[in-house]
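Structural overview
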Number of protein chains: 2
Amino acid sequence: MTRQELINLIYERRSFLCVGLDVDKKKMPEHLRDAEDGVFLFNKAIIDATIDYTVAYKPNLAFYEAMGIEGLVQLKKTMDYLHGLGKPVFTIADAKRGDIGNTSQQYAKAFLDPEGDFNFDALTIAPYMGADSVQPFTVYEGKWVILLALTSNKGAFDFQFLPVDGEKKLFEQVLETSQQWGNPDNMMYVVGATKADMLTQVRAIVPNSFLLVPGVGAQGGSLKEVCKYGLTNECGLLVNSSRGIIYASNGTDFAERAGEEARKLQQQMAAVLK
Amino acid sequence: MTRQELINLIYERRSFLCVGLDVDKKKMPEHLRDAEDGVFLFNKAIIDATIDYTVAYKPNLAFYEAMGIEGLVQLKKTMDYLHGLGKPVFTIADAKRGDIGNTSQQYAKAFLDPEGDFNFDALTIAPYMGADSVQPFTVYEGKWVILLALTSNKGAFDFQFLPVDGEKKLFEQVLETSQQWGNPDNMMYVVGATKADMLTQVRAIVPNSFLLVPGVGAQGGSLKEVCKYGLTNECGLLVNSSRGIIYASNGTDFAERAGEEARKLQQQMAAVLK
């Protein structure tokens, strides 16, 4: 999906919501836990209930890998369902990959290749290994790298805020250096919402790039703050909510409740997009 | 595998060689490319030919993921074979994972859990997200985190050498800070062999930790240099070679040639261990 197509989708659906499909069997409704294709059926129900309020879905690979190969089968079924839905939607593999150049090429093939098992629109990437670990992800037409800049966890303070080369913080250096590896048409950034005031600093370096903001909801971020500091005149934001939506209920009404929660966020977003 | 068991294995087999099982179908012998279970059969032949000269095998996940779900089935067969071999060997998932705490737990389960599909001894981890992204990998008894400190690629210069907080370089800060997250019994470090002189700086911070050194061979590292600066009185090194061994030939003699290349490295290592 190109940048313009994503922007159009956001304004059509009046939403910049990304739903994190981080499926943990222990948190799933009991009737699906041991069902055949239970994880896929869970995702399908969530997707059906939220698609009209959502522009992106973001499965975190860790949750699928934790179920072994069967987990990846469930993920493939989910992606096949999204691709066959007839409603456009942006798909993000939250995989935080990154390796030396020729190996990153293999990861790019795994997640972004249209002929591959998954065919995601975008993939999250860790920046530590630098240019050649990131660039192989930018060669697929209409596909995206989403580079970790500022994450929303406690450990973010260990390295990301260290001053490098004098005044700049490491996450600012990552934003700056990575401008040479991609552009706002093929590179976004992860910026943790629990530090919304930091968004000003981020926007000073990447005024036009899309930001993927995790952590609204369970991780404590405030949508209002995020919009205040992060919104551009082309939106420029994808705001993720995972647990707050997909585990809104663990009863048989889980999908209905997920839809309600997604709709609440969408309405707030629609107001902001006016 | 505990630290002591690993050290014993190194001195018994008189080797600290790690063979990188980075299987790319395009580089495999033609007769196996389209064979059923061709990737597993390739790995099995390589393992059979090299096990007596090797203490560790390191599949890089990217190469398996690039083949889709079928690639992970081949990896599982490879791991099942290694576990059933009756000869001890250390297994490393070169996956460079890392995520917020509760998500890293899922990755730990995916790769290290004895009940899981793979049951690796160790997993490579990217440090960018800090403490809570790394610690969940240290809770499995006898299992290991291998943290990226200094990588062997060109992009390593983008961030890893940046001076942070004054004099220290980022990779030195990673080595230092991560001492609080683990210890030499459950944490190793990736240190790129193409910068062997840097090993002195690394050893000043982590005198007793095992180092996983990639890049001897195809990536241009010198075994002699690595040993000169990196060896401890308990060895403290795992030196990886991938392409130089597994693609020594792409003919029907590939396994035999892989064995020869592994043996050459083992003999150099045996001389150093004396």
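That block above? That's the structure.
Residues numbered from 1 in each chain as written. Chains lettered and ligands numbered in written order. Predicted model: local features only at pLDDT ≥ 70, side-chain atom pairs only at ≥ 80, totals over all residues. Heavy atoms only, no water.

Turning to the relation of the copies chain B and chain A, a few remarks are in order. Mapping chain B onto chain A calls for a rotation angle of 180 degrees and an axial translation of 0.0 Å; the resulting RMSD is 0.0 Å. Taken together, the rotation and translation describe the operation of a two-fold axis. No C-alpha of chain B lies nearer the rotation axis than that of B:Val164, which sits 2.2 Å from it. An overlap of 100% is found between the interface residues of chain B and their copies at the interface of chain A, pointing to a shared contact surface. (Least-squares fit on C-alpha atoms with pLDDT ≥ 70 in both. Contact = heavy atoms within 4.5 Å.)

A word on the pairing of strand 3 (residues 90-97) of chain A. All names here are of chain A. Counting buried positions along strand 3 gives eight out of eight residues, so the element sits mostly inside the fold. Here strand 3 shows no split at all, with Phe 90, Ile 92, Asp 94 and Lys 96 on one side and Thr 91, Ala 93, Ala 95 and Arg 97 on the other all buried. Here strand 3 runs beside strand 4 (residues 122-125); their pairing, made up of three bridges, is parallel. Its bridge partner being in strand 4, Arg 97 is matched across the sheet by Ile 125. Handedness of the β-α-β unit built from strand 3, helix 6 (residues 101-112) and strand 4 comes out right-handed. (Buried < 20%, exposed > 50% of the residue type's maximum accessible area, 1.4 Å probe, protein only. Helix = DSSP H or I, 4+ residues; strand = E, 2+ residues; numbered from the N terminus. Pairing = 2+ DSSP bridges. Right-handed = clockwise from strand over helix to strand, strands pointing away.)

The next point concerns the packing of aromatic side chains. One pass over the full model with this rule turns up 20 aromatic pairs over all chains. Relative to A:Trp144, the ring of A:Phe90 has its centre 6.2 Å away and its plane inclined at 80 degrees; by these criteria the two rings are edge-to-face. One end of the pair, A:Phe90, is in strand 3; the other, A:Trp144, is in strand 5 (residues 144-150), and 54 residues separate them in sequence. Each member of the pair, A:Phe90 together with A:Trp144, is buried. Look at B:Phe157 and B:Phe161: their rings are 4.8 Å apart centre to centre, the planes differ by 15 degrees, and that puts the pair in the stacked class. Taking the relative accessible area as the measure of exposure, B:Phe161 reaches 14% and is therefore buried. (Phe/Tyr/Trp six-rings, centres within 6.5 Å; stacked < 30°, edge-to-face > 60°.)

Here a disulfide denotes a covalent bond joining the sulfur atom of one cysteine to the sulfur atom of another. Residue and element names in this part refer to chain B. Considering all chains together, one arrives at zero disulfides over all chains under this definition. Of all cysteine sulfurs, the one in Cys 235 lies closest to Cys 18, which takes part in no disulfide; the gap is 12 Å. Judged by its relative accessible area of 0%, Cys 18 is buried. (Disulfide = S-S within 2.5 Å.)

Here we come to the sheet that holds strand 7 (residues 211-213) of chain B. Residues and elements named next belong to chain B. Read around the barrel, eight strands follow the order 1-2-3-4-5-6-7-8 and close on themselves; strand pairing throughout is parallel. Direction aside, the axes of adjacent strands within the sheet are offset by 30 degrees on average. In terms of strand pairing, strand 1 (residues 17-20) meets strand 8 (residues 237-241) through three bridges, oriented parallel. For Val 19, the partnering residue across the bridge sits in strand 8 and is Ser 241. (Axes fitted to C-alpha atoms, helices over the stretch in contact; angles between N-to-C directions.)

Another aspect to go through is the packing of helix 9 (residues 170-177) of chain B against helix 10 (residues 198-205) of chain B. All names here are of chain B. It is at 9 Å that the axes of helix 9 and helix 10 come closest, and there the two elements cross at 25 degrees. Our classification of the angle between helix 9 and helix 10 gives roughly parallel. The way helix 9 lies across helix 10 gives a crossing that is right-handed. Where helix 9 abuts helix 10, its residues Phe 171, Glu 172, Leu 175 and Glu 176 lie against Met 198, Gln 201, Val 202 and Ile 205. Residue composition of the contact of helix 9 with helix 10, by class: five nonpolar, one polar and two charged. (Parallel < 35°, antiparallel > 145°, perpendicular 65-115°, else oblique. Left-handed = near helix turned anticlockwise from the far one by under 90°. Nonpolar A, V, L, I, M, F, W, Y, C, P; charged D, E, K, R; others polar.)

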